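Topology and contacts: notes
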Amino acid sequence: MHKMINLLRRHVCVVLVLLAAVISDIRSVYADDDDSGSWTLPGSDYVITDIPSPPSITDISESPFYIHVSLSSMLLTCTAEGLPEPEYYWTLNDEKIDIDGSDRYTLASYSGNLQISTPAETDAGTYQCFAMNDFGTSVSSKIDMEYGYIDQFAYADNIEIEVQQYDSLILTCNLPDGEPAPTTYWTYIPPNAMPETDRISWSPTGKLIFANVLPEDEESYTCNAFSEALNTIQLDYQNALSVNSASKASQSAAEIAYSPGEDDDNEVVAMRGEDFPLKCIATGYPTPIVNWTRESGGDLPAGRSKFSEYYNELTIEDIDFDDAGDYKCVAGNLMGDSYALVTVSVESTPYWADEPDSAIIAPGESYTFDCSVEGSPTPMGPFFMMNSEVFDPDEYDRISVSGSKLTITDAEEDDTAVFQCVAENDHGEIIADFYLNVIAVAPIITTPPEDSVECVEGQTVTVSCEVFGSPQPWVKWYSGDVTDSELLSEDNSRISFSDDEYNHEMTITETVLGDSGVYTCYGNNSYGTADKSGRIEVRRATVITTPPEDDDVMVGSTAVLQCVAESDDALTVRINWLKSDQYFILSGRYSKDDDDSLVITSLQRRDSTTYTCVASTTLDEVTASAYLLVADVPDAPDGLEFLQIVDDTTVRLYWDAPNDRGSEITSYTVQYETDNYPDEIRDMTTVSDVLYAEFDLDSGNDYKFAVFATNSVGSSDLSDWTETYTTVESVPSKNPDDLQGEGTLPTNMIISWTPLSLDEHGADGLYYYLQYRLYNAGDDWTSETISDYEEDSFTVDDTDTYTAYEISIKAYNSLGACSCDATVVIGYSGEDKPSQSPTDVTVEVISSDTVKVMWTAIPDEYINGKLIAYVAQYWTVDSDSRRRRSSDVTEVDFEDGASEGLVTDLDAFTDYELQLIGRNGAGDSDPSDVIPFNTPEAPPGKVDNMQIYAQMTGFVVMWEEPSAPNGVVTGYVVTYARLRGSVEDDADTMETDADTYSVEITGLDSSAYYNITVYAVNSMGDGDQTSDEKMTSLLGVPDQPDAPVIVDIGDDYCNLTFTLLKSGPAPEEYYIKYWQTDEPEKWLVSNSVPFYEEEPVYMHLTGLDATQYDFAVVAKNSIGEAISASTTETIPGLSVTGHQEDDDEDYAWLIATICILLFLLIILLLICFVRRNRGGKYPLAEKEEKLRPADAESFPHKDDDGSFPEYNALPTTPAGKPPPSGGAAPPYEDDDEPGEDDSSLDEYGDDDTGQFNEDGSFIGEYCLDDKKLMAPAVSLDTLGSLA
């Protein structure tokens, strides 16, 4: 049994081994045959696939690399690319590492990473990675692996140090050996961080230096040696410091305790490119101030010189050869100065002046690699290698080396190889690794233009296209696709092109809507072409149409800041708000209305700031700001005082400034009241920027004053009133104002004035002395004393029409006449209407909207007053009736003295009538004769309500007739032109007749902007144009529409509504698709509606069953259709009540009713049959012929087969009687009565006319003489009623 088990195990093992071998062979075959892969183009990030390339190492571990005993393994990274995939190997000290022969070295499967397990000191050395494929070998830079360590400090006992206060102190530190050399820093004991100060610093050599010691320095200090590479710290012995503070302060001059290079004749060497520190430490009391200057070679390096907090350390960042020279450290205090001079020299490892990069060229091309090298000391080299081996250029026909340059001439594909440049000096070695790939490749667009790049008007848009080929392709940009394109050039100032070796960009600045469209990147070389297209969509820029406005509001109120913005239809605009240029949370007192207005309630003073509305879309952002000032009305002024009295009636009132409550006071208003008007407060004066007011007062009054302040929010309360101020009595200081003379009739003149107020009397006993006389007539004055001081007028009667008078008035009181002169004016008696009309009125048509009116003026003697104007009155007239229309009469005034004038703003192609009148203050003259005229045609005005509906390759344009046709419109013209940026193509034209108000434009480019213009035409030419820019829609199936909304349902119907699509490929029509929910395959469709239907679209679906339905909107165009999500609704159906028993009873009644109707129908048929047969047995034809009226056409006749025509109800006569036998009744006039003739029924019986039956026979013919036997007469109407 055991033997069988062992045998089975051996067989299984053999099978597994064979299976592993097969799998390995399969993997190796596929690996060998796999030419797929990718690599990066030299000097770029562009990836190429499936094209062969030499290897190139792209990633290598940094040097030096430190080994230490705590590591369990170490990893040296090495990554390369190329096609075929590179293979790797490593060397140690120029000897190839035998990976297979060592169990401590492992090479990664899919990279060149080398892992070393349990590293030891014997692993130290120089490592180098190699990557190779069919086209060459790539070599990495060298990695120095060193054994890292740090020794412990030499053992020593802790020491105690006593020092006098203010003395300097230097603690030394003997650093242990280490690789790399450790750095030093000091800490307290127990270990606590010890900061450097202006008094205490440590040098790079390990010294802890106290410029002067103070009692607070009593601590224990220890030196720390730190190896960053090993992440290890070693601690030295402790230095316990005690300070003797009993002695007096001892000042000492500054002295340099440490400066760079102090052990090397003050010379230091910096390596180019590093950040190089120069530290200087001084001792002395008071603590010295340290600074650095440059003594030779120029100023300190600008922008790269950084000082420490206490200026004792200068760091030169990214030091270069130009920074070499003498640097001076100066330390000083009150006791004296000290300095140290440091000479800095700069050296470097070798570096490439311009590091060579790999190159790709086509067969037949030449290429030169330049390995110019620099460094200090001067490097040796460069030395060239090919595929990691030294080679002799003389052995190659097409390769030559001259100095630092390697040239390949008339390259062939076999010249593909990897080259290396090597240079070295005392500081190290550098290797440049690069390849030459000689291949022939037609253009390949590795990264095409984006399918769609969006921007808004005015922005800059850039489209990139990465093209590879060998030789380097010639790349151009075209507007449009490959089949319909236009080469773009930099002649357009808004379009520019930028090319690097592989990336080609097209940039359009200040974009406009017309820039939307397809753009094609086209590459061409001697081996072929390639092109890819992308699309630019220029959207309308977002605009804030209603910005927030500055506002001054009161504390505690509510502020609303509006902001309304509009954006492109394809974008969604969002409104956000900033407060003081910062976003803030809308909560509490801050909120947004439905219209995005910012609402702030319960306003506080701290809410005063700038608020900014930010309207943003995914493409742009615009802002608008407003300042909200939250304030209150000022406090009332106080401290009112008359500090200066100029004279008895001129005073100056002062007051103190109140609290402005957050808004600057703009003015102060002085108010007053007098004893004459105790309840009336009046404004005296308003001032700004001063705290006083000076004003004049009237005599003989008692005054009180108060003041209020005003700011942007409002006015304060009134201040306290002043004490009463009294002015002495005097004669009146003025006469009545507004003295004038005007007549109300042609025979009078009313003299009027404004009486003096009580405050203006000056004393008691006020009256007025009035005088008047004819103007320039030399007559004596007529005088009147007006004793009532409230009187304001006096009438002079019996005057001539419109006669001039000289009028004067003067005020008196008990103290005498007014101190001023009497007021004198010229007045006139009353006017009368002009007594004559303008004559010789003519109208000359100037243009379609202007006429010239000419006339002879009214003579002066007939004007009867002062002529105000000549007035042209005109109105439109119906062209047919010549009657005035219902529109108002329009008037045009011409100034006095004119004899002609223009009437403008008339309607073209219109009949008018015009008359002229003269007008003075009393009224209008009689009108002149009416003059008819008509205006000629003019070009039409703009069409009304133009609507443009976009389709994928065209538009539907609709409009209405111009509101101002200005004549007879003969047709319409529609033009359309493609917009390409700011350039417009030649326009195409369509014409329609006068009754057509729409056109369909087809055959256009999709997703392109067009300028569309519509105008009307009449006999005078083209009308005003109405234009708009619209974009055709995208090409494709419509987007999914929104689901319909159910608005109403009934027993068997459903009303619903839906919205039309606003973006995407345009539909041509919409319809509703609906189906019973449980039978989706049995769907129905509604009538379709066009894409230009007005929204919202309503649909009424009827004939629905009582069940649940799904309704969906379908948007359809020539490419396809899109269906919305469905809306589900249940149709209730007709109402049904009662139980099954009731239904059974209903069915029973229905069956009974049907049976009765069938029985009656059988009886009816029998009666008709019997009566038809009876009519055939009796000689009635002769009687019927006797009864036939003269109008034979009105009598019913038999059909050709002898039967009567189908039954028709007989008409009724005007008297309400049936017509006579034989057919329809003859017509009656209103006053006609039926006459007595042979058709009368009386002749067929003695006293009984008998019965007249359906078939036209008389029942009396069927009866016996005794009239006892008679067939029943039943009409069809009677049977119908019975049924």
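Please read these numbers as outputs of a predicted model, since none were measured by experiment. One numbering rule holds for all chains: residues counted from 1, following each sequence as written. Local features are withheld for residues below a pLDDT of 70 in this predicted model, meaning they are given only at 70 or higher, and side-chain atom pairs are given and counted only at 80 or more; totals for whole chains, interfaces and linings count all residues. To obtain the side-chain values, all non-hydrogen atoms of the structure were included, while hydrogens and water were left out.

Thoughts on the overall build of the protein chain
Each helix and strand in the protein chain was counted, giving four helices and 101 strands. For the protein chain, the proportion of its 1283 residues judged to be buried stands at 40%. Counting only contacts in the protein chain whose residues sit at least 6 apart along the sequence, the fraction spanning at least 24 positions is 65%. Only runs of H or I of at least four residues qualify as helices and only runs of E of at least two qualify as strands under DSSP, and these elements are numbered from the N terminus. Throughout this description, buried means an accessible area under 20% of the type-specific maximum (1.4 Å probe, protein chains only), exposed means over 50%, and partly exposed covers the range between. Here a residue-residue contact requires only that any non-hydrogen atoms of the pair lie within 4.5 Å.

A few points about the state of the cysteines
Two cysteines, two sulfur atoms, one covalent bond between them: this is a disulfide. Whenever a pair of cysteine sulfur atoms sits within 2.5 Å, that pair is classed as a disulfide. Summed over the entire model, instances satisfying the criterion amount to seven disulfides. There is a disulfide in this structure between Cys78 and Cys129, and the S-S distance comes to 2.0 Å. With the S-S dihedral at roughly -80°, the linkage between Cys78 and Cys129 falls on the left-handed side. Residue Cys78 is located in strand E6 (residues 78-83), and its partner Cys129 is located in strand E11 (residues 125-133); the two are separated by 51 residues in the primary sequence. With respect to burial, Cys78 and Cys129 carry one shared label: buried. A sulfur-sulfur separation of 1.9 Å characterises the disulfide bridge that pairs Cys563 with Cys613.

A closer look at the pairing of strand E40 (residues 417-425)
The buried fraction of E40 is high, at eight of nine residues. By the convention used here, strands pair only if DSSP detects at least 2 bridges between them. Alignment of strand E36 (residues 380-386) against E40, held across five bridges, turns out to be antiparallel. Pairing of Met380 across the sheet is with Glu424, part of E40. In this sheet, strand E41 (residues 428-438) lies alongside E40 in antiparallel orientation, the contact comprising nine bridges. In the sheet register, Val418 faces E41, and the bridge partner there is Tyr435. Connecting E40 to the next strand, E41, in antiparallel fashion are two residues.

Topic: the sheet that holds strand E50 (residues 528-539)
One open sheet holds the five strands; their spatial order is E43-E50-E49-E45-E46, and the pairing between them is mixed. Each edge of the sheet is formed by a strand with only one pairing partner; in this case those strands are strand E43 (452-456) and strand E46 (485-487). The mean inter-strand angle of the sheet, taken between neighbouring strand axes irrespective of direction, is 30°. Pairing of E43 with E50, which is carried by five bridges, proceeds in the parallel orientation. Each bridged residue has a counterpart across the sheet, and for Val456 the counterpart in E50 is Arg539. Comment: axis = line fitted to C-alpha atoms, over the contacting stretch for helices; angle = value between 0 and 180 degrees taken between N-to-C directions.

Brief notes about the pattern of salt bridges
A side-chain nitrogen of Lys or Arg and a carboxyl oxygen of Asp or Glu constitute a salt bridge if their distance falls within 4 Å. One pass over the structure, following the stated rule, counts 29 salt bridges. Among the salt bridges present, the one from Arg494 reaches Asp515, with a minimum N-O distance of 2.9 Å. With a gap of 21 residues between them, Arg494 in the loop between E46 and strand E47 (495-499) and Asp515 in the loop between strand E48 (503-508) and strand E49 (517-525) connect regions that are remote in the sequence. We classify Asp515 as buried; its relative accessible area is 3%. Put simply, Arg919 and Asp924 hold a salt bridge, and the shortest N to O gap is 2.6 Å. If you follow the salt bridges from partner to partner, you end up with Glu454, Arg535, Glu537 and Arg539 in one network.

Section: the packing of aromatic side chains
Stacked, tilted and edge-to-face are the three classes applied to pairs of Phe, Tyr and Trp rings, where Trp contributes its six-membered ring and a pair requires centres within 6.5 Å; stacked means planes under 30 degrees apart, edge-to-face means over 60, and tilted covers the rest. The tally for this structure, following the rule as stated, stands at 42 aromatic pairs. Ring centres of Phe419 and Phe434 lie 6.3 Å apart, and the angle between their planes is 25°; this geometry places the pair in the stacked category. A residue pair is termed long-range when its members are at least 10 positions apart, and Phe419 in strand E40 and Phe434 in strand E41 qualify at 15 residues. With respect to burial, Phe419 and Phe434 carry one shared label: buried. One aromatic cluster in this structure is built from Tyr367, Phe369, Phe391, Tyr396, Phe419 and Phe434. Directly above the aromatic system of Tyr89 lies the positively charged group of Lys96, at a separation of 4.7 Å from the ring centroid. Throughout this description, the term charge over a ring refers to an Arg CZ or Lys NZ atom that lies within 6 Å of the ring centre and within 35 degrees of the ring normal.

What to know about the confidence of the model for the protein chain
Low pLDDT means the predicted atomic positions in that stretch should not be read closely. For the protein chain, mean pLDDT is 85; residues scoring 70 or higher make up 86% of the total. Predictor confidence is given residue by residue as pLDDT, running from a minimum of 0 to a maximum of 100. Ignoring residues within four places in sequence, the model shows residues 1-35, a span with pLDDT below 50, making three contacts including any to other chains. Ignoring residues within four places in sequence, the model shows residues 1175-1283, a span with pLDDT below 50, making 90 contacts including any to other chains.

Examining a negative patch on the surface
Patches in this entry comprise residues that are over 30% relatively accessible and not in a salt bridge; like charges within 9 Å are linked, as are nonpolar side chains (Val, Leu, Ile, Met, Phe, Trp, Tyr) within 5 Å. Note on areas: Shrake-Rupley, 1.4 Å probe, and residue coverage restricted to the protein chains presented here. Here Asp and Glu are counted as negative and Lys and Arg as positive; His is not counted, and neither are the chain ends. Working definition for charges: the position is that of NZ of Lys, CZ of Arg, CG of Asp or CD of Glu. Together, Asp354, Glu355, Asp357, Glu490, Asp491, Asp499, Asp500 and Glu501 make up a region of like negative charge exposed at the surface. Here Asp499 is to be found in strand E47.

Quick word on the sheet that holds strand E89 (residues 998-1001)
Ordered in space as E84-E85-E89, the three strands form an open sheet in which the pairing is antiparallel. Bordering the open sheet on either side are strand E84 (944-950) and E89, each of which pairs with just one other strand. Each strand axis lies, on average, 10° off the axis of its neighbour in the sheet, ignoring direction. Looking at chain direction, E84 and strand E85 (residues 955-960) are connected through five bridges and run antiparallel. Note on E85: the bridge partner recorded for Ala950 is Phe955.

Considerations on a nonpolar patch on the surface
The grouping of Leu1150, Ile1154, Leu1158, Leu1161 and Leu1165 at the surface amounts to a nonpolar patch, some 470 Å² of accessible area in total. By the element assignment, Leu1165 lies in helix H2 (residues 1140-1175).

Comments concerning the side chain of Thr975
In this fold, Thr975 is placed in strand E86 (residues 971-980). Dropping the residues within four chain positions of it, Thr975 is found in contact with Ala987, Asp988, Thr989, Asn1011, Ile1012 and Thr1013.

Structural notes on the nonpolar core
Within the largest apolar cluster, 22 residues are counted, with the highest numbers of intra-cluster contacts made by Trp352, Leu406, Ile408, Phe419 and Leu436. At the level of elements, strand E33 (359-361), E36, strand E39 (405-408), E40 and E41 are the ones that each hand at least two residues to this core. The residues contacting Ile408, other than those within four sequence positions of it, are Glu365, Ser366, Tyr367, Phe369, Arg398, Ile399, Asp415, Phe419 and Leu436. Counting residues in each nonpolar core, the second largest holds 21 residues, with Ile445, Cys455, Cys465 and Ala530 among its members. Only buried residues count toward a nonpolar core, which is a set of Ala, Val, Leu, Ile, Met, Phe, Trp, Tyr and Cys residues joined through side-chain atoms within 4.5 Å.

Quick look at the environment of Leu916
Checked against the element boundaries, Leu916 lands in strand E81 (residues 911-920). Leu916 sits 13 residues away from Asp929 along the chain, and the two C-alpha atoms are 7.8 Å apart. Other than its neighbours up to four places away in sequence, Leu916 contacts Pro838, Val841, Trp855, Val871, Ala872, Phe894, Asp926, Pro927 and Ser928.

Brief notes about the environment of Ser308
Mapping Ser308 onto the fold places it in the loop between strand E29 (305-307) and strand E30 (313-316). Residue Ser308 is classed as partly exposed on the basis of its relative accessible area, which comes to 24%.

So, the side chain of Ser348
As for its position among the elements, Ser348 is in strand E32 (residues 336-352). For Ser348, a relative accessible area of 3% puts it in the buried group. Excluding residues within four positions of it along the chain, Ser348 makes contact with Met271, Arg272, Phe321, Gly375, Ser376, Pro377, Asn425 and His427.

Here's the deal with unusual backbone geometry
A cis geometry characterises the amide bond from Leu83 onward to Pro84, with omega recorded as 5°. Considering the arrangement of structural elements, one finds Pro84 in the loop between E6 and strand E7 (87-92). In this chain, Gly381 is followed by Pro382 through a cis amide linkage whose omega measures 15°. Inspection of the secondary structure assignment puts Pro382 in strand E36. Of note, the phi angle at Asn93 is positive, near 55°, even though the residue is not glycine. Relative to the helices and strands, Asn93 resides in the loop between E7 and strand E8 (95-96).

Brief notes about the environment of Asp683
Along the chain, the position of Asp683 falls in strand E64 (residues 682-687). Along the sequence, Asp683 and Tyr672 sit 11 residues apart, while their C-alpha atoms lie 6.4 Å from each other. For Asp683, the residues in contact, after removing those within four places along its chain, are Thr669, Val670, Gln671 and Tyr672.

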